[in-house]
Amino acid sequence: MPLMPKRVKHRKFQRGKTRGKATRGNRVAFGEYGLQALEAGRITAEQLEAGRLAVMHYLRREGKLIIRVFPHKSFTRTPTETRMGKGKGEVAGWVAEVKAGTVLYELAGVPEERAIAAFSRVAHKLPVKTRFVHRRTRL
Amino acid sequence: MEITEIKARPRDERGSRACSRLRNQNLIPAVLYGRGAPNVLLTLRRADVRRLVEENAVLVQVIWDGQADNAQIKEIQYDALGDVIQHVDLARISLTETVTVNVPVETHGEAAGEAAGGVLELVMRSIEVECLPTAIPDQIDVEVEALEIGDNLTVGELSFPEGVTPVTDAGTVVVTVVPPLELTEEEEEPEELVLEPELIGREVEEPEVPPEEGEAPPREPQQG
């Protein structure tokens, strides 16, 4: 079951634009290694779940994975073969809007080589460019 | 802990545009403050600051304008992607008065719970301690070999070097061994598949009740 909010104020959203860089959620906070987005984009709940499963399958029962983003925003789709108009389409899924610099996933309790390999598998599932980052030890 | 020397130059310009110009020249704006003396705006060489970061330096001796001040690096600001150093905060200290610093935690050995399939989780990666600047430990060693799954170590159970007092609450958990994560792919789907979230503030729709005999049906609003 992909991620989605339990309660929302409005079912449908305007698309909007994602401007600027992340000024929060841009550091490795819970684990030792992270996967950081290098460009802005929308990550669907299914893509997030695919990334989680890719790590779980690679690491099996090793380590701890933390997902730092959540798909708060719905997107809609008009059915195929439908004439234009007749209002906004029905909700087709949920996305997490991320800015450049956002840390998407974190890993703890695994050696660095394993974390790099695991996140490399995740990066292939995501629609944004990413890179592997470390936690800062002191400053 | 060693005190690293760093050369600085005082600066007159302030503000984001002036600081941006400095950064383009491989200089980093910094500020030196504290202990009742006036604040001093400084510039540092980027290469010097990178060296401080690589050495994990905490204490520095700032040499500027023929003066030398001992200082603690309070903060290093980075850009949004975390690559480029933007600014350094330096707080004056006295070598004879205690300071409060964060010291990283280093675990040693393999926990017994790890061998049983558990995952060692570092809940706190650094502990706030109070000590003399010359007695700041490089790290706080934590022996985890005896920890089984579900066990944890608190700040109060750790041993600190002489003269080092933890500021963090003694009951705070530092290290724990958690059970391994299970693959949830094979989990059974819940009976009622929730496709849409609940709407906040939407009134619950009441089911329509057919009108009883002899009662007039509700009138349609008249169209004008």
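Residues numbered from 1 in each chain as written. Chains lettered and ligands numbered in written order. Predicted model: local features only at pLDDT ≥ 70, side-chain atom pairs only at ≥ 80, totals over all residues. Heavy atoms only, no water.

## Some remarks on the sheet that holds strand E10 (residues 140–143) of chain B
Residues and elements named next belong to chain B. Reading across the sheet, the four strands line up as E10-E7-E9-E12 and stay open at both edges, with mixed pairing between neighbours. Strands with a single pairing partner mark the edges of an open sheet, and in this sheet they are E10 and strand E12 (165–166). Relative to E10, strand E7 (residues 99–108) runs parallel, the two sharing four bridges. Within E10, the residue paired with Glu-106 across the bridge is Asp-141. (Pairing = 2+ DSSP bridges. Helix = DSSP H or I, 4+ residues; strand = E, 2+ residues; numbered from the N terminus.)

## Considerations on the packing of aromatic side chains
All names here are of chain A. Overall, the coordinates contain two aromatic pairs over all chains when judged by the stated rule. Geometrically, the ring pair formed by Tyr-33 and Phe-132 is stacked, given 5.5 Å between the ring centres and 25° between the ring planes. Remark: Phe-132 occurs in strand E8 (residues 130–134) and Tyr-33 occurs in strand E2 (residues 33–37); sequence separation between them is 99 residues. Overall, the relative accessible area of 12% leaves Tyr-33 in the buried class. Classification of Phe-132 by relative accessible area gives partly exposed; the value is 23%. Aromatic pair Phe-119 and Phe-132: ring centres 6.1 Å apart, planes at 55°, arrangement tilted. Highlighted residues: Phe-119 in helix H2 (residues 112–123) and Phe-132 in strand E8, separated in sequence by 13 residues. (Phe/Tyr/Trp six-rings, centres within 6.5 Å; stacked < 30°, edge-to-face > 60°. Buried < 20%, exposed > 50% of the residue type's maximum accessible area, 1.4 Å probe, protein only.)

## A word on the domain arrangement of chain B
It is common to give the size of an interface as the accessible area that goes away when the parts come together. Residue and element names in this part refer to chain B. Taken domain by domain, chain B comprises domain 1 (4–93) and domain 2 (100–178). Taken residue by residue, the interface counts four residues in domain 1 and four residues in domain 2. Counting the surface lost from both domain 1 and domain 2, the interface buries some 280 Å², and carbon and sulfur atoms represent 71% of this. On the domain 1 side of the contact with domain 2, Val-58, Leu-59 and Gln-72 bury the most area, a combined 80% of that side's loss. The interface formed by domain 1 and domain 2 holds zero salt bridges in total. (Domains from an automatic or database assignment. Contact = heavy atoms within 4.5 Å. Buried area = accessible area lost by both parts, 1.4 Å probe. Salt bridge = Lys/Arg side-chain N within 4 Å of Asp/Glu carboxyl O.)

## Quick look at the interface of chain B and chain A
Contact residues are listed per partner, giving 38 residues for chain B and 40 residues for chain A. Carbon and sulfur atoms supply 53% of the area buried between chain B and chain A, which totals about 3,300 Å² over both sides. Between Glu-32 of chain A and Arg-125 of chain B there is a salt bridge, with the nearest N and O atoms lying 3.6 Å from each other. Our enumeration of links across chain B and chain A arrives at 10 residue pairs in polar contact (both at pLDDT 80 or more). Those elements giving two or more residues to the side of chain B that touches chain A turn out to be strand E5 (67–78), E7, strand E8 (119–122) and strand E14 (198–199) of chain B. The greatest single-element share of the side of chain B that touches chain A, amounting to five residues, is contributed by E5 of chain B. Counted by class, the side of chain B that touches chain A contains 22 nonpolar, four polar and 12 charged residues. (Polar contact = N/O pair within 3.5 Å; in protein donor to acceptor, adjacent residues only side chain to side chain. Nonpolar A, V, L, I, M, F, W, Y, C, P; charged D, E, K, R; others polar.)

## Some words on the pattern of salt bridges
A full pass over the atoms with the stated rule returns 17 salt bridges over all chains. Taking the shortest distance from any N to any O, the salt bridge between Asp-83 of chain B and Arg-131 of chain A comes out at 2.9 Å. With one member in each of two chains, Asp-83 of chain B in the loop between E5 and strand E6 (85–92) and Arg-131 of chain A in strand E8 form a pair that bridges those chains. Asp-83 of chain B gets classed as partly exposed once you look at its relative accessible area, which sits at 37%. Since its relative accessible area comes to 24%, Arg-131 of chain A is described here as partly exposed. We note a salt bridge from Arg-21 of chain B to Glu-13 of chain B, for which the minimum N-O separation is 3.2 Å. According to the relative accessible area criterion, Glu-13 of chain B is partly exposed, its value standing at 41%.

## Digging into the sheet that holds strand E7 (residues 103–108) of chain A
Residues and elements named next belong to chain A. Spatially, four strands are ordered E4-E7-E2-E8 in an open sheet, and the strand pairing comes out antiparallel. Single-partner strands in this sheet number two, and they are strand E4 (64–67) and E8. The mean inter-strand angle of the sheet, taken between neighbouring strand axes irrespective of direction, is 20°. By the bridge criterion, four bridges tie E4 to E7 in an arrangement that is antiparallel. Within E7, the residue paired with Ile-66 across the bridge is Glu-106. On the sheet, helix H1 (residues 45–59) packs against E4 and E7 and is oriented at approximately 20° with respect to E7. Along the sheet, H2 makes contact with E2, E4, E7 and E8, crossing E2 at roughly 30°. (Axes fitted to C-alpha atoms, helices over the stretch in contact; angles between N-to-C directions.)

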